[in-house]
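# What the coordinates show
As a plain string of letters, each chain reads:
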Amino acid sequence: MKRLTRADCARLDAGDPVASLRSRFEPPADGWLYFDANSVGAMPVTAPARMERALRHGWSELRRRGYQQDGWIESPARLGDKLAPVIGAGANSTVVCDSTSVNIFKLIVGAARLRPDRNVVISDAGNFPTDLYAAESALDLLGGKHLRLLESVDDLGSALDADTAVVFLSHVDFRTGRRHDMAAINRLTRAAGAVSCWDLSHSAGAVKVDLEASGTDLAVGCGYKYLCGGPGAPAFLYVSERYRQQMPSTIAGWQGHGDRMAFSTSYAPAAGVRRHLVGTPSVLGMVALECALDVWQQADLGPLFEKGDRIRSLLIDLIDQECDPAAARIVSPRESESRGGHVAIAVADAPGTSKRLEESRVVCTSRKPDIVRFGISPLYARYTDMWDLVERLNKALIG
Ligand SMILES: *Cc1c(COP(=O)(O)O)cnc(C)c1O
């Protein structure tokens with residue numbers, strides 16, 4: 001293969017059909033490179049003024065009236081509809097609320113109740129810890145049901161049986177960056193009579209996700225990672241049409257009531273996905289997240305996610321070309337369709353490498369025991385950033 005140069009990367013930037021989206025986000029401080037879209041994505045340029053307005057005009061002047069006049073009370077459904085195209089979901093299928101962990105708890109209880117005669121929820125040992133904790137605590141409450149952890153998602157086919165109620169997986173492995181084949185796993189799950197539930201925290205906004213075409217039953221995900229909703233942004237949940245009128249609310253709260261302003265003593269769930277709302281939305285967090293969703297609404301999603309796949313492949317090619325393979329081993333899959341939003345490498349001293357990278361103005365994350373991750377957002381990453389990263393990585397590997 002022809003040796004890649006920085007000029008090749010610059011040519012790719014010049015031909016990038018979605019390059020203008022970068023200007024919708026605050027640029028990094030001079031000389032810094034941020035590869036932490038898997039932790040906290042960049043800030044939309046509109047966020048400071050809209051937050052200020054929410055405080056001055058909303059909180060200070062409108063106060064209670066803001067719930068109606070500024071659309072605060074409708075924000076979970078409105079933001080859900082703005083997010084839906086990004087994850088291949090239809091209208092009225094998604095709400096923005098609570099945290100990912102809480103939404104997992106809600107949906108695992110709901111899903112288990114859809115299969116009352118079955119006792120097992122299958123997940124994998126590599127799933128994100130909070131997913132396992134929240135699912136386990138949900139099952140403890142239900143009694144007689146338990147979590148079964150696979151060593152590898154590849155073992156799913158032989159693990160599924162007539163006692164499997166739910167298959168609950170993360171779409172992308174938070175360590176390796178491996179992306180699972182959602183459609184194939186959903187087919188297996190459906191054939192076994194079980195319900196699928198996916199955590200999209202590391203794929204929503206990073207790669208193409210198509211919940212409807214893949215036949216997903218339930219999903220949750222994070223607002224503050226690749227979606228760029230701000231630190232601690234509210235999370236989301238999705239319920240497919242199949243179960244939307246059928247799955248009960250787990251935590252009956254007034255925001256999920258069919259007529260919340262009736263203040264009735266008895267609970268009657270709202271039609272559809274709204275019944276999974278619990279309490280008053282976290283308005284200030286919603287304002288920040290909506291700034292990002294307004295950018296997503298205008299993004300040309302096909303070319304955007306193609307760019308994401310391509311730019312991460314370029315990073316892998318550059319690491320192959322420039323770095324000593326004994327010092328940095330590529331952990332993430334090389335085929336873009338099997339890869340999520342980050343590229344993971346294994347190194348001898350992960351915390352030290354990421355510390356030295358930070359000293360050279362590169363922000364990334366390390367995970368035990370030996371992984372360094374570069375989370376790459378297609379909204380604002382440039383091909384030349386990959387070149388500059390690899391140059392600094394080589395110095396950081398030498399120590
Ligand atoms: C980031 C992440 C979470 C975060 O959960 P919170 O409740 O928002 O803290 C959960 N699951 C996965 C897979 C994640 O990557």
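Note that the coordinates shown come from a computational prediction; the quantities given were computed from them, not determined experimentally.

Here the focus is the domain arrangement of the protein chain. Taken domain by domain, the protein chain holds domain 1 (6-30 + 300-398) and domain 2 (49-298). Contact with domain 1, which involves 30 residues of that partner, is made by 20 residues of domain 2. Contact between domain 1 and domain 2 buries roughly 1,900 Å² in total, counting both sides, with carbon and sulfur atoms accounting for 61%. It is Arg24, Phe305 and His342 in domain 1 that bury the most area against domain 2; as a group they hold 27% of the surface buried on that side. Counting across the interface, domain 1 meets domain 2 through 1 salt bridge. Across the pair Arg179 and Asp309 runs a salt bridge, and its minimum N-O distance is 3.6 Å.

Next up on the list: the nonpolar core. Ranked by size, the top nonpolar core spans 48 residues in total, and within it Ile87, Leu200, Leu211, Phe236, Trp296 and Leu379 carry the most contacts. Elements represented by at least two residues in this core include exactly helix 4 (75-83), strand 3 (120-124), helix 7 (156-159), strand 5 (164-170), helix 8 (182-191), strand 8 (236-239), helix 10 (283-298) and helix 11 (301-322). Element by element, the count of residues in this core is highest for helix 10, at 6 residues. Aside from chain neighbours lying at most four places away, what touches Trp296 is Val86, Gly205, Tyr226, Leu227, Leu301, Leu304, Phe305 and Leu379. Core analysis: the second largest hydrophobic core is formed by 32 residues, Leu33, Ile311, Cys323 and Ala396 among them.

In this section: the environment of Ser99. With respect to the helices, strands and loops of the structure, Ser99 is situated in the loop between strand 2 (94-96) and helix 5 (100-114). On the basis of relative accessible area, Ser99 is assigned to the partly exposed category, the value being 33%. Note: C-alpha distance between Ser99 and Val220 (121 residues apart in sequence) is 9.4 Å.

The next thing to look at is unusual backbone geometry. A cis amide bond links Lys368 to the next residue, Pro369, at an omega of -5 degrees. Of note, Pro369 is situated in the loop between strand 12 (365-367) and strand 13 (371-375). Even without glycine at this site, Arg63 takes up a positive phi of about 50 degrees. Position of Arg63 among the secondary structure elements: in the loop between helix 2 (47-62) and helix 3 (66-69). For Arg63, a relative accessible area of 58% corresponds to the exposed category. Its identity is not glycine, yet Arg361 carries a phi of approximately 65 degrees, on the positive side. Among the structural elements, Arg361 can be located in the loop between helix 12 (350-359) and strand 11 (362-363). Residue classification places Arg361 among the partly exposed positions, given a relative accessible area of 39%.

Okay, the sheet that holds strand 10 (residues 342-346) next. Within the open sheet, the 4 strands sit side by side as 9-10-13-12. Their pairing is antiparallel. Each edge of the sheet is formed by a strand with only one pairing partner; in this case those strands are strand 9 (329-330) and strand 12. As defined by bridge partners, strand 12 adjoins strand 13 across 3 bridges and the pair is classed as antiparallel. The partner of Thr365 across the bridge, within strand 13, is Arg373. Those strands touched by helix 11 are strand 9, strand 10 and strand 13, and its axis lies near 25 degrees from that of strand 10. Most of the contacts of helix 12 go to strand 13, to which it runs at about 40 degrees, and overall it touches strand 12 and strand 13.

Another point: a nonpolar patch on the surface. Together, Leu55, Trp59 and Leu284 make up an exposed nonpolar region whose accessible area comes to about 310 Å². With respect to the element layout, Leu284 can be found in helix 10. Note on Leu284: relative accessible area 36%, which makes it partly exposed.

Quick look at helix 4 now. Note that an α-helix has 3.6 residues per turn; residues three or four places apart therefore point the same way. For helix 4, the buried fraction is high: 7 of the 9 residues fall into the buried class. If you check which residues of helix 4 are buried, you get Ser75, Pro76, Ala77, Leu79, Gly80, Lys82 and Leu83. Next to the buried residues of helix 4 lie strand 2, strand 8 and helix 10.

The subject of this paragraph is the pattern of salt bridges. Pairs can form between side chains of opposite charge once their charged atoms are near each other. One pass over the full model with this rule turns up 23 salt bridges. Where Lys307 meets Asp16, a salt bridge forms, and the shortest distance between an N and an O atom there is 2.8 Å. Of the two residues, Lys307 sits in helix 11 while Asp16 sits in the loop between helix 1 (6-14) and strand 1 (33-34), which places them 291 residues apart along the sequence. For Lys307, a relative accessible area of 4% puts it in the buried group. The partner of Asp385 in a salt bridge is Arg382, and the shortest N-O contact between them spans 3.2 Å. Among the charged side chains, a salt-bridge network with shared partners connects Arg50, Arg78, Lys82, Glu290 and Asp294.

It is worth spelling out the packing of helix 12 against helix 13 (residues 383-398) at this point. The geometry of helix 12 relative to helix 13 is characterised by a closest axis approach of 9 Å and an angle of 130 degrees between their N-to-C directions. As judged from the angle between their axes, helix 12 and helix 13 are oblique. As helix 12 packs across helix 13, the resulting crossing turns out to be right-handed. On helix 13, the residues touching Thr353, Arg356 and Leu357 of helix 12 are Arg392, Leu393, Ala396 and Leu397. Along the lines of polarity and charge, the residues of the contact of helix 12 with helix 13 split into 4 nonpolar, 1 polar and 2 charged.

Within the structure shown, the criterion is met by 0 disulfides. For the unlinked cysteine Cys197, the closest cysteine sulfur is that of Cys97, found at 13 Å. Cys197 sits in the buried class, given a relative accessible area of 1%.

The rules behind the values
Residues numbered from 1 in each chain as written. Predicted model: local features only at pLDDT ≥ 70, side-chain atom pairs only at ≥ 80, totals over all residues. Heavy atoms only, no water. Domains from an automatic or database assignment. Contact = heavy atoms within 4.5 Å. Buried area = accessible area lost by both parts, 1.4 Å probe. Salt bridge = Lys/Arg side-chain N within 4 Å of Asp/Glu carboxyl O. Core = buried A, V, L, I, M, F, W, Y, C linked by side-chain atoms within 4.5 Å. Buried < 20%, exposed > 50% of the residue type's maximum accessible area, 1.4 Å probe, protein only. Helix = DSSP H or I, 4+ residues; strand = E, 2+ residues; numbered from the N terminus. Pairing = 2+ DSSP bridges. Axes fitted to C-alpha atoms, helices over the stretch in contact; angles between N-to-C directions. Patch = residues over 30% accessible without salt bridge, like charges linked within 9 Å, V, L, I, M, F, W, Y side chains within 5 Å. Areas by Shrake-Rupley, 256 points an atom, 1.4 Å probe, with all protein chains shown as cover. Parallel < 35°, antiparallel > 145°, perpendicular 65-115°, else oblique. Left-handed = near helix turned anticlockwise from the far one by under 90°. Nonpolar A, V, L, I, M, F, W, Y, C, P; charged D, E, K, R; others polar. Disulfide = S-S within 2.5 Å.

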